[in-house]
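# Per-entry structural report
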Amino acid sequence: MLDYAEPVTKLIDEFKRLPGIGHKSAQRLAFHLLKGSAEDSERLIAAIREVKEKIIFCSVCNNITDVDPCRFCTSPTRDRHTVVVVEEPQSVVTIEKTREYRGLYHVLHGCLSPIRGIGPDELRLKNLLERLRDGEIQEIILATNPTTEGEATANYIGRLLKPLGLKVTRIAMGLPVGSDLEYADEVTMHKAIANRHEM
Ligand SMILES: [Zn+2]
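Residues numbered from 1 in each chain as written. Predicted model: local features only at pLDDT ≥ 70, side-chain atom pairs only at ≥ 80, totals over all residues. Heavy atoms only, no water.

A sheet is described by the order of its strands in space; here 5 strands give the open sequence β4-β3-β5-β6-β7, paired in mixed fashion. Of all strands in the sheet, those with a lone pairing partner are β4 (104-107) and β7 (197-198), marking the two edges. Both strand β3 (residues 82-86) and strand β5 (residues 139-142) contribute to a ladder of 4 bridges, which runs parallel. Paired with T82 across the strands is E139, a residue of β5. Strands β3 and β4 of the sheet are contacted by helix α5 (residues 89-97), whose axis makes an angle of about 155 degrees with β4. Sheet strands touched by helix α7 (residues 148-161): β3, β5 and β6 (167-170). Its angle to β6, the strand with the most contacts, is close to 170 degrees. (Pairing = 2+ DSSP bridges. Helix = DSSP H or I, 4+ residues; strand = E, 2+ residues; numbered from the N terminus. Contact = heavy atoms within 4.5 Å. Axes fitted to C-alpha atoms, helices over the stretch in contact; angles between N-to-C directions.)

A few words now on the nonpolar core. Ranked by size, the top nonpolar core spans 20 residues in total, and within it V84, I95, I171 and M189 carry the most contacts. Of all the elements in the fold, those that place two or more residues in this core are α4 (71-74), β3, α5, β4 and α8 (186-194). Contacts of I171, omitting those with residues within four sequence positions, involve I141, L142, A143, T144, L181, M189, A192, I193, R196 and H197. Core analysis: the second largest hydrophobic core is formed by 17 residues, L108, L132, I137 and A154 among them. (Core = buried A, V, L, I, M, F, W, Y, C linked by side-chain atoms within 4.5 Å. Buried < 20%, exposed > 50% of the residue type's maximum accessible area, 1.4 Å probe, protein only.)

Quick look at α7 now. Two residues of an α-helix separated by three or four positions point the same way, owing to the 3.6 residues in each turn. Between the first and last C-alpha of α7 there are 20 Å, a value that for 14 residues agrees with the 20 Å anticipated at 1.5 Å per step. Residues of α7 that are buried: G150, T153, A154, I157, G158 and L161. Projected onto a plane normal to the axis of α7, the buried residues spread over an arc of 135 degrees and lie on a single side. The exposed set on the far side of α7, more than 90 degrees from its buried face, consists of T148 and R159. (Expected span 1.5 Å × (residues − 1). Arc of directions from axis to C-beta.)

What follows is the structure in structure tokens.
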């Protein structure tokens, strides 16, 4: 079988490692870059390099940011009594799009998954407990994804936080089960938060 020149194969292999990219898509991307100008490729390389160099996790909420603490955590206009807990930074963007929520966030960077060997220690939970110490936070809204793993994660955190005496709520499941918050539209997301229930 005739193969592509090695550098092309290498690029295709790299694209295939990205989520949601199969062999055909990887090939299409590689050939798109091959046909494009050197400047186009340079821009892409620079964007990847910049994101890897400048983007860090906020030491307070774990959201992605270029300043630490992030702009949510230092904002004087956000409601500091409420924290929405999400699995991934993308969910923060989805919730922000509703323009209704004015509180703070906490990003876990994953969910509990025994199959993938992800236990509570692999989630960024420790600094959430630290944030609760001064008593300023009065409500935790669990907005993990409406999947089996997201539910298990919400239940785990609910059980962990309940004894601390603060209000712990779970977003309503108007969201399609098994889906990702990332794909929820603004109206669905707004309803999910508005109709949250106490755990
Ligand atoms: Zn932050």
